[in-house]
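So you can see what is in the structure, the chains are spelled out below.
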Amino acid sequence: MHNISYHAPCKLSDAVSLLLELEGSRILAGGTDLIAKWKKSHFFDMTLVDIRNIPELSVIEEVEEGLFIGAGVTMDRVSEDERILSKFPILAEAASKVGSVQVRNLATIGGNACNAAPSADTVLPLMVYGAEAVIAAKEGERRVALREFFIGPGKTVLKKGDVLKGFVIPNPPANSFAYFVKHSRRPGMDLATVGVAVLLVLESEKTADIKVILGAVGPTPIFVKGLDIFFGGKIDPDFVTRIAEHCANAASPITDVRGSKTYREAMIKRSVALCFRNHTR
């Protein structure tokens, strides 16, 4: 018989206290990753802290900087919320590509980040939009830029007793355009082989700012550096080729069952180029 200890706090502070007090405790939100790992490991004993009854984790609300999305908001809500569709359309698009309909009804945007899989779909748009993670702890709340949130496969900056409260996403700049590409072996219910999110800001048809995030091609999502050399450029075929090669060089893809290193490098170039070509259509 396997021992499951279950706790369902209604306050965020109580959840923090339980996680500090209970040795080996795990957060239960959607459970889509947790239960899969539990089964795969032959059903180890678990101490669960269910955070689904905590109201502030399930809200989507406008804040001074932009929009706050609670960590407990499900993927189906992210994909359909009018405020997200209006201001952050590629976040809604990425959420709509997570798993199946049944999974999206349970899986949460916070869980997608805390699982820290390099292939996590919604992490790329959140990073490219400049989101910050809001973390609750015994000492109070703190914010961490999402690009600094991941420290390795399955590892984040969260410490014992920390609860990811949600994300603050700043309003996108004027004249900005965002694009998202998920390349996988099949259109639905599959992990990304390569993921790309792009945020492009234009002034007088020339690039004023460019941000590119790559997923599934390194131990953590990759914030591509050195893109300032392309500022002031016009998006023509030569520009697209050069920036696609630059992004491929920034990655450190591995060979696994979903694709070889060479294949991933080619798909990075193709996916980045597709984002910029979509803008010129």
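This text gives an overview of the structure that appears in the document.

**Description of the nonpolar core**
Counting residues in hydrophobic clusters, the biggest one holds 42 residues, and the most contacted among them are Ile-69, Ile-84, Leu-91 and Tyr-129. Counting contributing residues per domain, this core is built from domain 2 (55-170) and domain 3 (176-280), each supplying no fewer than three. Beyond its immediate sequence surroundings of up to four residues, Tyr-129 is in contact with Lys-87, Phe-88, Pro-89, Ile-90, Leu-91, Ile-169, Pro-170, Ala-178 and Leu-199. Core analysis: the next-biggest nonpolar cluster, separate from the first, contains 29 residues, Val-194, Leu-200, Ile-235 and Ala-251 among them.

**Some words on the pattern of salt bridges**
Inspection of every chain in the model, using the stated rule, returns twelve salt bridges. The residue Arg-83 makes a salt bridge to Asp-81 at a minimum N-O spacing of 2.8 Å. A residue is classified by how much of its surface remains accessible, and Arg-83, at 33% relative accessible area, is partly exposed. The class of Asp-81 is buried, set by a relative accessible area of 13%. Glu-141 serves as the salt-bridge partner of Lys-165, at 2.7 Å between the closest nitrogen and oxygen. With Lys-165 in strand β10 (residues 163-170) and Glu-141 in strand β7 (residues 140-145), this residue pair connects regions lying 24 residues apart in the sequence. The network of salt bridges with common partners includes Glu-65, Glu-132 and Arg-143.

**A short note on the pairing of strand β12 (residues 194-203)**
Counting buried residues along β12, nine of its ten residues qualify, which places the element largely inside the surrounding structure. Summarising the sheet, strand β11 (residues 176-183) and β12 pair through eight bridges and their orientation is antiparallel. The residue of β12 that forms the bridge with Val-181 is Val-196. Alignment of β12 against strand β13 (residues 206-215), held across nine bridges, turns out to be antiparallel. If you follow Val-196 over to β13, its bridge partner there is Leu-214. Here β12 folds back onto β13, and the loop between the two strands holds two residues, one of which, Ser-204, carries a positive phi near 55°.

**Re the side chain of Thr-193**
Locating Thr-193 in the fold gives a position in the loop between β11 and β12. For Thr-193, the contacting residues outside a window of four places in its chain are His-183, Ser-184, Arg-185, Gly-215, Ala-216, Val-217, Arg-258, Tyr-263 and Arg-264.

**Quick notes on the environment of Ile-243**
Along the chain, Ile-243 turns up in helix α9 (residues 237-250). With relative accessibility at 0%, the residue Ile-243 sits in the buried group. Each C-alpha atom of the pair Ile-243 and Leu-227 lies 7.9 Å from the other, and the pair is 16 residues apart in sequence.

**Some thoughts on the sheet that holds strand β1 (residues 4-7)**
Strand order in this open sheet of three strands is β1-β3-β2, and the pairing throughout is parallel. At either margin of the open sheet sits one strand with a lone partner, and together these are β1 and β2 (25-28). In this sheet, neighbouring strand axes are inclined to one another by 30° on average, regardless of whether the strands run parallel or antiparallel. For β2 and strand β3 (residues 46-50), the ladder comprises four bridges, and the chain directions are parallel. From the neighbouring strand, Arg-26 faces β3, where its bridge partner is Leu-48.

**A word on helix α1 (residues 12-21)**
Listed as buried for α1 are Leu-12, Ala-15, Val-16, Leu-18 and Leu-19. All buried residues of α1 lie within an arc of 165° about the axis, which places them on one face of the element. Buried-residue contacts for α1 involve β1, β2, β3, β6 (132-137) and β10.

Parameters at a glance
Residues numbered from 1 in each chain as written. Predicted model: local features only at pLDDT ≥ 70, side-chain atom pairs only at ≥ 80, totals over all residues. Heavy atoms only, no water. Core = buried A, V, L, I, M, F, W, Y, C linked by side-chain atoms within 4.5 Å. Buried < 20%, exposed > 50% of the residue type's maximum accessible area, 1.4 Å probe, protein only. Domains from an automatic or database assignment. Contact = heavy atoms within 4.5 Å. Salt bridge = Lys/Arg side-chain N within 4 Å of Asp/Glu carboxyl O. Helix = DSSP H or I, 4+ residues; strand = E, 2+ residues; numbered from the N terminus. Pairing = 2+ DSSP bridges. Axes fitted to C-alpha atoms, helices over the stretch in contact; angles between N-to-C directions. Arc of directions from axis to C-beta.

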